[in-house]
Amino acid sequence: MSTQSNVSPKTIYVTQRGLPLSFKLDWPFHASTSGADFHVLHSEITLENSDGLRALVAVNLSATLREVLPSLEAKDAEAPVINALRNYVDRKQIEFAKSGKLVPLPFSSRHYDFKRGHWVFGKAADEDIARLIERKVYWQTRLVGGEVWLGDPTEALFVQTTTDHIAEIAAGLAKQGLFTIAGTYATALPALMNQNARFESEMAAARGELEQKHAFERG
């Protein structure tokens, strides 16, 4: 996944609604075999803490958005792809199951502001960024362990801010005794990890809404 100095065996990315996800992306993008003018990246999204629920998706990169990317390699496309997929999960467009078919998802100009020249995944207020940091540190610690990298530019891009601003908000949370910070890495403290009922409840609520939506669509 994203480049870190202390490489984690798995990176947890949390949606705005509180679902912990991990991503397996089959790099690089390849030209569509259907003759259509787009490139495809096969991806697997795992809903963590769910006994193996996952979604298989084909990210279809439009020709218009292709012109924005310096390359189709992970170093240039990973962060926006992960964040686009997180947006789709928050919008209940992705269904998780024990097994399932490959679902195509557009990665298009709706994710990019051509006028201002930047990615668009939803500007978050500081209180929402703080909540995302808390969830990030909790779930990464709970599911993987070790230090949690808060300098990941993917996270800053997701909430349309800077890594410096995330560091400022994280410093405020550290003063509350939720975790300690060394450089750009956080180590969770009991004051955060003992809130497991809160984080589990948030996840259960988001998962329930997601499953209810897809159950309704199936009739």
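Keep in mind that this is a model prediction, so the values were computed, not measured. (Residues numbered from 1 in each chain as written. Predicted model: local features only at pLDDT ≥ 70, side-chain atom pairs only at ≥ 80, totals over all residues. Heavy atoms only, no water.)

**Brief notes about the overall build of the protein chain**
- Secondary structure assignment for the protein chain yields seven helices and 11 strands.
- C-alpha extents for the protein chain along the principal axes are approximately 55 × 40 × 30 Å.
- Looking at the protein chain as a whole, 47% of its 219 residues qualify as buried.
- Contacts in the protein chain between residues far apart in sequence, at least 24 positions, make up 66% of those at least 6 positions apart. (Helix = DSSP H or I, 4+ residues; strand = E, 2+ residues; numbered from the N terminus. Buried < 20%, exposed > 50% of the residue type's maximum accessible area, 1.4 Å probe, protein only. Contact = heavy atoms within 4.5 Å.)

**Let's talk about the pairing of strand β11 (residues 185–188)**
- Where strand β9 (residues 148–149) meets β11, two bridges bridge the pair, whose relative direction is antiparallel. Bridge assignment links Val148 to a residue of β11, and that residue is Ala186.
- By the bridge criterion, four bridges tie strand β10 (residues 179–182) to β11 in an arrangement that is antiparallel. The residue bridging Ala182 from the neighbouring strand is Tyr185, located in β11.
- The turn linking β10 back onto β11 is made up of two residues, and Gly183 within it adopts a positive phi angle of 70°. (Pairing = 2+ DSSP bridges.)

**Quick word on the side chain of Ser71**
- Structurally, Ser71 is set in the loop between α1 (63–66) and α2 (74–90).
- Side-chain polar atoms of Ser71 contact the backbone nitrogen of Glu73, separated by 3.2 Å.
- Filtering out sequence-adjacent residues up to four positions away, Ser71 remains in contact with Asp76 and Ala77. (Polar contact = N/O pair within 3.5 Å; in protein donor to acceptor, adjacent residues only side chain to side chain.)

**Notes on the layout of surface pockets**
- By volume, the largest pocket amounts to about 250 Å³.
- Lining the largest pocket we find 13 residues, and of these Ala55, Leu56, Glu95, Lys101 and Val103 sit closest to its centre.
- With four residues, strand β5 (residues 54–62) is the single largest residue contributor to the lining of the largest pocket.
- Split by residue class, the lining of the largest pocket holds six nonpolar, four polar and three charged. (1 Å grid on protein atoms, 1.4 Å probe; cavity = no way out; pocket = protein on both sides within 12 Å on 5 of 7 lines; lining within 4 Å. Points joined across faces, edges and corners; volume = space filled by probe spheres on them. Nonpolar A, V, L, I, M, F, W, Y, C, P; charged D, E, K, R; others polar.)

**Here's the deal with unusual backbone geometry**
- Cis geometry marks the peptide bond from Trp27 to Pro28; its omega dihedral reads -5°.
- By the element assignment, Pro28 lies in the loop between β2 (20–25) and β3 (30–31).
- Phi at Asn49 is positive, roughly 60°, even though this residue is not glycine.
- According to the relative accessible area criterion, Asn49 is partly exposed, its value standing at 27%.
- For Asp51, which is not glycine, the phi torsion reads 65° and is therefore positive.
- Here Asp51 lies in the loop between β4 (38–47) and β5.

**With respect to the side chain of Asn87**
- With respect to the element layout, Asn87 can be found in helix α2.
- Owing to a relative accessible area of 12%, Asn87 belongs among the buried residues under this scheme.
- One polar contact links the side chain of Asn87 to the main-chain carbonyl oxygen of Phe121, over a distance of 3.3 Å.
- Ignoring any residue separated from it by four or fewer positions in sequence, one finds Asn87 in contact with Val120, Phe121 and Phe158.

These values are about where atoms sit, not about what they do.
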